[in-house]
Amino acid sequence: MSSTTRSSLLADLQTLYHLVKPTRGDTHAERLESFYGGQAEQYDRFREKLLHGRESLYQQLTEQTLSKSNQVGSSYSRHTDHIWIDCGGGTGAAFEAIQQSLSNFEQIFIVDLCDSLLDIARDRITQYHWTNVTPTCSDILQFTPPRGPVSIITFSYALTMMPNWFAAIDWAYRWLKPGGYIGVVDFFVAHKHPASYQTPQSWLSRNFWQLWFAADNVFLSADHSAYLHHRFTPISYTETCAKVPYLFGLKAPYYQFIGQKL
């Protein structure tokens, strides 16, 4: 085994330890810090093998928004009007996928309750000279966009960790400007009798993944996508499965949703 492989395995074992150790804290913010604080340095390297679909979601949202800007007579004709709020954005890693387009946004806010993850975001912002990206430690429900309604709001593997997730979706609806986009990528389970846009899942899949993720205070639900479809006009919705590290080829279901406030 090479030194690089040993180093990678050791880092994974350290992350896995923090995934299984008891999470402590009286508040949601304290529990997040307890869970992520010790693994923040390894967060991006491990999560890129677990959290799929973030980069493609951000690319699609960027293309949708900037193409609208180029339409004659569009209310989005000035790129400097674009403001993006990334809810539960953590380390900001997904924005590396759209670096060439970041200058088209006046401001990007990475809002998260875990300051240890935001420290990684701050280092990334400095490294890449992202002068229009601002990390903000806040409960998303307490965050008010400085200039009012915004162009894009994203939840990347965040809704499943928000106790008041339905209020977070309502918050997004309130602060999106007409024509603005919401983008969500997250794990999920389907209802026993799924909606027409969902793929049926076995009893074992529905129950196993709920129990497995709940051990880390990640609560999968069939209602997230249902409420998103209810609250916003769907632009695209896809479901797929991806391997989970060290679970012997098991694949967890996740979805991508892009909706529009009309």
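Look above for the structure.
Calculation criteria
Residues numbered from 1 in each chain as written. Predicted model: local features only at pLDDT ≥ 70, side-chain atom pairs only at ≥ 80, totals over all residues. Heavy atoms only, no water. Helix = DSSP H or I, 4+ residues; strand = E, 2+ residues; numbered from the N terminus. Buried < 20%, exposed > 50% of the residue type's maximum accessible area, 1.4 Å probe, protein only. Contact = heavy atoms within 4.5 Å. Salt bridge = Lys/Arg side-chain N within 4 Å of Asp/Glu carboxyl O. Lys, Arg positive; Asp, Glu negative; His and termini not counted. Polar contact = N/O pair within 3.5 Å; in protein donor to acceptor, adjacent residues only side chain to side chain. Pairing = 2+ DSSP bridges. Axes fitted to C-alpha atoms, helices over the stretch in contact; angles between N-to-C directions.

**What to know about the overall build of the protein chain**
Summing up its helical and strand segments, the protein chain has eight helices and seven strands in all. Among the 262 residues that make up the protein chain, the fraction classed as buried is 52%. Residue pairs in contact within the protein chain that sit at least 24 positions apart in sequence constitute 73% of those at least 6 positions apart.

**Things to note about the pattern of salt bridges**
A complete count under the given rule lists five salt bridges for this structure. The closest approach of N and O atoms between Arg-122 and Asp-119, which form a salt bridge, is 2.6 Å. Linking Arg-122 with Asp-119, this pair stays in helix α5 (residues 115-128), spanning three residues, or about one helical turn. A relative accessible area of 29% means that Arg-122 is categorised as partly exposed. Arg-231 is the salt-bridge partner of Asp-170, the closest N and O atoms lying 2.9 Å from each other. Of this pair, Asp-170 sits in helix α6 (residues 165-175) while Arg-231 sits in helix α8 (residues 223-231); the two residues are 61 residues apart in sequence, bridging distant segments of the chain. Taking relative accessible area as the criterion, Asp-170 reaches 26% and is therefore assigned partly exposed. Among the charged side chains, a network of salt bridges with common partners joins Asp-115, Asp-119 and Arg-122.

**Considering the side chain of Arg-206**
Here Arg-206 shows up in helix α7 (residues 203-214). Buried and without a salt bridge, Arg-206 has Asp-223 as its closest oppositely charged side chain, separated by 12 Å. Among the polar contacts made by the side chain of Arg-206, one reaches the main-chain carbonyl oxygen of Gln-201 at a distance of 2.9 Å. Filtering out sequence-adjacent residues up to four positions away, Arg-206 remains in contact with Val-189, Ala-190, His-191, Lys-192 and Gln-201.

**Points about the sheet that holds strand β5 (residues 176-187)**
Overall, mixed pairing links the seven strands, which are arranged β3-β2-β1-β4-β5-β7-β6 in an open sheet. Single-partner strands in this sheet number two, and they are β3 (133-137) and β6 (233-243). Strand after strand, the sheet turns through a mean of 15° between neighbouring axes, direction not considered. Inspection of the sheet shows strand β1 (residues 83-87) paired to strand β4 (residues 150-156) by four bridges, in the parallel sense. Along β4, the bridge assignment pairs Ile-85 with Ile-153.

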